[in-house]
Amino acid sequence: MVRAAPSGLDRLAPDGSSGSAPPIEARGLRVTFGDQAVLRGLDLVVGAGTRLAVLGPNGSGKTTLIRALGGLLRPTGGRILIEGQAYSSGGAAIRRSIGLVSHQGYLYPELTVWENLRFYAKLYRVPEWEDRAREVLKRMGLYQRRAERAASLSRGMAQRLTLARALLHDPSILLLDEPDTGLDARAFATLEALLREVERTVVLTTHDLDHALRLADEIAVLHGGHLVDRVPSAHLDPTALRDRYAAATLPRGEPAEV
Amino acid sequence: MPAFLDVVGTLVWKDLLSESRTKDVLSTGVAFALLVLVMLNFAIDLGAENVEAVAPGVLWVSFIFAGTLGIGHAFAAERDRGTFEGLLLAPIDRGAIYLAKVATNVALMGIVELVSLPIFAVLYNVSPAWLQTLSAMALGTIGFSAVGTLVAAIAANTRARELMLPLLLFPLEVPVVIASVKATAAAMGAAEADSLPWLQLLVGFDVMLVAASFLVFEYVVEE
């Protein structure tokens, strides 16, 4: 049974030797809600251009990790550095470099698709925002629906609009909490292409092992408040990943919950 | 500063556009204010000798009750649909969010007041000095919204926010409400010049309340 965090598994950067500040660095990250510890001294370094998928059972802290990295909740302990800066000292600059997709889409249902993007483009001071909004909407297959209210979109389309919103300001870091939720095969292929074609640092969570292998070039497993496994996805096939995931998260003999 | 004001303008644009489509605040606010005015008109025995003393209080009771509904909605709606996190994620000064919400609340409450005032004048048979009355309404509404917006942000994080908002808000609003009622009463009955000291006091309250709330808002919205 693999449980808490052997230090070698809570390992850091893929190469571990970057001279400049890594885009994402968390040291001793602890988050507690009341008396429940969700993250228990987690260490994580994500190098520039790395696409890291974080897997873990329900309640393992994946969403909490994304929210903490995105500055949406203040850690109980430890520190988070985004491109070498702490939120306390570089809040606005850090937030400009991050695009975040969470379970909530941050969309205004009574505004149209276009108005939602206009709103966020103005907040992020996107230069020539109309061109950029047109570009991301076309990529996500929503340009023809730009005059429709967000409330009228299906779940999958709303998720595509959420992704368009997160990409609108061309962030260097993407934090994606289950970005594949509700996406059909075509939209997922678009997401996969988007993540591959631009050099961005990505941390994403998913419950789908196949999706993790397609979207990420590293896979980590979060369990018991620590990262208990981390491996390049090129070394894995779906079966190997499933075995590895089961070994990392469950007592032997029980089926893996993914 | 232009960038800051541009962000405030963008946030206000979003709120007013949303409201123009849902009319959640305006419809309930106007209906509620008129209901209060009508009910109190029946409940209070007003004569020529006491109308100038009582009517301003009635008017402000209707404004405050209706305004509390709108102010509570400002953050509750953002929290309920999760969009408030989207605002916190954006690289903007938290103070811009506060000022935008205050501006939106003042605008919406102002519309409710402008609809209610003529009906109030007919129902209660008063003919106020309009300039002084409108000044008192504007300054009182700014003060009310300055505190109300901050308290609504606090209450939105609580379980029983509909109860917490008036419980926290009304005691804090006492100075603004007293000054607003006095200024309005002076504009309705006494010599017009008498409202000036109360209007000056309201200006002082507004500056102090907006500045203090602006400074602490950042700490209120951090999770």
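Owing to the predicted nature of the structure, the values given are computational and were not obtained by experimental measurement. (Residues numbered from 1 in each chain as written. Chains lettered and ligands numbered in written order. Predicted model: local features only at pLDDT ≥ 70, side-chain atom pairs only at ≥ 80, totals over all residues.)

Topic: the nonpolar core
Step number 1: Membership of the largest hydrophobic core comes to 135 residues, with the highest contact counts inside it found for A:Ala164 and A:Val203.
Step number 2: For this core, the leading source of residues is helix H6 (residues 130-155) of chain B, giving 12 residues.
Step number 3: Ignoring anything within four residues of it in the chain, the contact list for A:Ala164 reads A:Leu117, A:Val136, A:Leu137, A:Met140 and A:Leu142. (Core = buried A, V, L, I, M, F, W, Y, C linked by C-beta atoms within 7 Å. Buried ≥ 20, exposed ≤ 12 C-beta atoms within 10 Å, placed from the backbone. Helix = DSSP H or I, 4+ residues; strand = E, 2+ residues; numbered from the N terminus. Contact = placed C-beta atoms within 7 Å.)

Quick notes on helix H5 (residues 155-167) of chain A
Residues spaced three or four apart along an α-helix point in a common direction, a consequence of the helix completing one turn every 3.6 residues.
Residue and element names in this part refer to chain A.
Step number 1: Taking 1.5 Å per residue, 13 residues should reach 18 Å; H5 reaches 18 Å between its end C-alpha atoms and fits that length.
Step number 2: Among all positions in H5, only Met157, Gln159, Arg160, Leu161, Thr162, Leu163, Ala164, Arg165, Ala166 and Leu167 are buried.
Step number 3: On its buried face, H5 sits against strand E5 (98-101), helix H3 (113-123), helix H4 (129-139), strand E6 (173-177) and helix H6 (185-197). (Expected span 1.5 Å × (residues − 1).)

Some remarks on the pairing of strand E3 (residues 51-55) of chain A
All names here are of chain A.
Step number 1: Taking burial as the measure, the five residues of E3 include five buried ones, the bulk of the element.
Step number 2: Of the two faces of E3, the one holding Arg51, Ala53 and Leu55 and the one holding Leu52 and Val54 are both buried throughout.
Step number 3: Sheet topology places E3 next to strand E7 (residues 201-205); four bridges connect them, and they run parallel. Bridge pairing links Val54 to Thr205 in E7.
Step number 4: Alignment of E3 against strand E8 (residues 218-223), held across four bridges, turns out to be parallel. Paired with Ala53 across the two strands is Ile219, which belongs to E8. (Pairing = 2+ DSSP bridges.)

Quick look at the interface of chain B and chain A
Step number 1: Between chain B and chain A, the contact holds 19 residues from the first and 20 residues from the second.
Step number 2: Contributing elements (two or more residues each) for the side of chain B that touches chain A: helix H1 (2-22) and helix H4 (83-89) of chain B.
Step number 3: A per-class count over the side of chain B that touches chain A returns seven nonpolar, six polar and six charged. (Nonpolar A, V, L, I, M, F, W, Y, C, P; charged D, E, K, R; others polar.)

Some remarks on the confidence of the model for chain B
Residues and elements named next belong to chain B.
Step number 1: Taken as a whole, chain B shows an average pLDDT of 91; of its residues, 97% reach a score of 70 or greater.
Step number 2: Model confidence for chain B, summarised as mean pLDDT per element, is weakest for helix H3 (residues 51-80) at 90 and strongest for helix H5 (residues 94-123) at 95.
Step number 3: Confidence estimates for the predicted assembly give a pTM of 0.88 and an ipTM of 0.90. (pLDDT = per-residue confidence, 0-100.)

Concerning the sheet that holds strand E2 (residues 36-46) of chain A
Residues and elements named next belong to chain A.
Step number 1: Read across the open sheet, the three strands follow the order E2-E1-E4; overall the sheet is antiparallel. Each edge of the open sheet is held by one strand with a lone partner, namely E2 and strand E4 (77-82). Strand-to-strand twist across the sheet, computed as the mean angle between neighbouring axes with direction ignored, equals 25°.
Step number 2: Taken together, the five bridges between strand E1 (residues 24-33) and E4 define a ladder with antiparallel strand orientation. Opposite Glu25, over in E4, you have Leu81 as the bridge partner.
Step number 3: Here helix H1 (residues 62-69) sits on the sheet and contacts E1, E2 and E4; the angle it forms with E1, its principal contact strand, is near 120°. (Axes fitted to C-alpha atoms, helices over the stretch in contact; angles between N-to-C directions.)

Digging into the packing of helix H7 (residues 161-188) of chain B against helix H8 (residues 195-221) of chain B
Residue and element names in this part refer to chain B.
Step number 1: Between H7 and H8, whose axes approach to 8 Å, the crossing angle comes to 150°. As the angle between them shows, H7 and H8 are arranged roughly antiparallel. Where H7 crosses over H8, the handedness of that crossing is left-handed. Contacts from Pro175, Val176, Ala179, Ser180, Lys182, Ala183, Ala186 and Ala187 of H7 reach H8 at Ser195, Trp198, Leu199, Leu201, Leu202 and Phe205.
Step number 2: A breakdown of the residues in the contact of H7 with H8 according to their chemical character gives 11 nonpolar, two polar and one charged. (Parallel < 35°, antiparallel > 145°, perpendicular 65-115°, else oblique. Left-handed = near helix turned anticlockwise from the far one by under 90°.)

Some details on the sheet that holds E3(A)
Residues and elements named next belong to chain A.
Step number 1: Pairing in this open sheet of six strands is mixed, and the strands run E5-E6-E7-E3-E8-E9 from one edge to the other. Each edge of the sheet is formed by a strand with only one pairing partner; in this case those strands are E5 and strand E9 (226-232). For this sheet, the mean angle separating the axes of adjacent strands, direction not counted, is 15°.
Step number 2: Inspection of the sheet shows E8 paired to E9 by six bridges, in the antiparallel sense. Counted as the bridge partner of Glu218 is Pro232 from E9.
Step number 3: Contacting E3, E6, E7 and E8, H1 runs over the sheet at an angle of about 150° to E7.

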